[in-house]
Amino acid sequence: MPTRAGAWLLLNLARRPQWAEHIAAEASALPHDGHQVDAGHVARLRTADAFVRETLRLYPPNWLTSRVVAQPTHLGGHRLVPGDRVMVSPYLLHRDERHHDRADTFAPERWLEASSPGTTGAYLPFGAGPRLCPGASLASLELVLVLAMTARTHRLSCPDSQPYRLDTDGALTPAGLHLAFHPRG
Ligand code: HEM
């Protein structure tokens, strides 16, 4: 999952040079020795954090999940019996206009606003409830740091018009992703 999310992140970075410059500027405050980076530094990477959240909104690696009904219940007007399978798609939920303003638009700034969409219950990149991903905090931290450190040292670009093949067999993956990394001077 983290590598899938990282691939979408780098693709978005390559496609959005203005955001890349913001993230690079913010990351310039990080110590050059990675071992010196602490939680205080990461907490100040607000643009990188918003960019990660928005990437996970539009490209959730765990795009489809399911649950098997354990006891008779009613859900959304449907009667469910034990053994029924309920499918939940974070991908569709994250792109639903009823829950996300300009749902199909990549807009990291939505996560910098006071009423961020993370609080509505319609944002599930790490699942929800008792089976919530226990690696969520670690994965988010890793992604923010990878993004910030990459943007600080490199500009990315897409040499091809279609730099990947969408793979939905399992995790949502930009398979065969091809990006160019240009070291900053
Ligand atoms: C961007 C990275 C990651 C994403 C998007 C992600 C996403 C998810 C999601 C959506 C679930 C719940 C699946 C469901 O409800 O059916 C889950 C479960 C889980 N994740 Fe992650 N995950 C990530 C990284 C990690 C990492 C780094 C670890 C371990 C260090 C981890 C360990 C687990 C485990 C053990 C479960 C099963 C929890 C349970 O069933 O109680 N994940 N993950």
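Before reading further, recall that the structure is shown in the block above.
Let me sum up the structure you'll find in this document. Since we're looking at a predicted model, the values are computed, not measured.

Reading the values: rules and limits
- Residues numbered from 1 in each chain as written.
- Predicted model: local features only at pLDDT ≥ 70, side-chain atom pairs only at ≥ 80, totals over all residues.
- Heavy atoms only, no water.
- Donors = N, O, S within 2.8 Å, 3.2 Å for Na, K, Ca; no water.
- Helix = DSSP H or I, 4+ residues; strand = E, 2+ residues; numbered from the N terminus.
- Near = heavy atom within 4 Å.
- Polar contact = N/O pair within 3.5 Å; in protein donor to acceptor, adjacent residues only side chain to side chain.
- Axes fitted to C-alpha atoms, helices over the stretch in contact; angles between N-to-C directions.
- Parallel < 35°, antiparallel > 145°, perpendicular 65-115°, else oblique.
- Left-handed = near helix turned anticlockwise from the far one by under 90°.
- Contact = heavy atoms within 4.5 Å.
- Nonpolar A, V, L, I, M, F, W, Y, C, P; charged D, E, K, R; others polar.
- Buried < 20%, exposed > 50% of the residue type's maximum accessible area, 1.4 Å probe, protein only.

## Focus: the coordination of the iron atom of the ligand
Thinking step 1. Donation to the iron atom of the ligand from the protein comes from one atom only, Cys 133 (SG), at 2.2 Å.
Thinking step 2. Locating Cys 133 in the fold gives a position in the loop between α5 (90-94) and α6 (136-153).

## Points about the site of the ligand
Thinking step 1. Around the ligand sit 16 residues, and of these Asn 62, Thr 65, Arg 67, Arg 131 and Cys 133 come closest.
Thinking step 2. Thr 65 places a polar side-chain atom, nitrogen or oxygen, 2.7 Å from an oxygen atom of the ligand.
Thinking step 3. The contact in question runs from an oxygen atom of the ligand to an N or O atom on the side chain of Arg 131, over 2.7 Å.
Thinking step 4. The element that contributes the greatest number of residues to the shell around the ligand is α6, accounting for three residues.

## What about the packing of helix α1 (residues 2-15) against helix α4 (residues 46-58)?
Thinking step 1. With their axes 10 Å apart at the nearest point, α1 and α4 run at an angle of 110° to one another. With respect to each other, α1 and α4 are oriented roughly perpendicular. Of the two elements, α1 crosses α4, and the hand of that crossing is right-handed. Two secondary-structure elements touch here, α1 through Ala 5, Trp 8, Leu 9, Asn 12 and Leu 13 and α4 through Phe 51, Val 52, Thr 55 and Leu 56.
Thinking step 2. Of the residues contributing to the contact of α1 with α4, the split by class is seven nonpolar, two polar and no charged.

## Some words on the side chain of Glu 54
Thinking step 1. As for its position among the elements, Glu 54 is in helix α4.
Thinking step 2. By relative accessible area, Glu 54 is classed as buried at 0%.
Thinking step 3. Engagement of the side chain of Glu 54 in a polar contact is seen with the backbone nitrogen of Ala 107, the distance being 2.7 Å.
Thinking step 4. The contacts of Glu 54, once residues within four sequence positions are left out, are Thr 105, Phe 106, Ala 107, Pro 108, Arg 110 and Trp 111.

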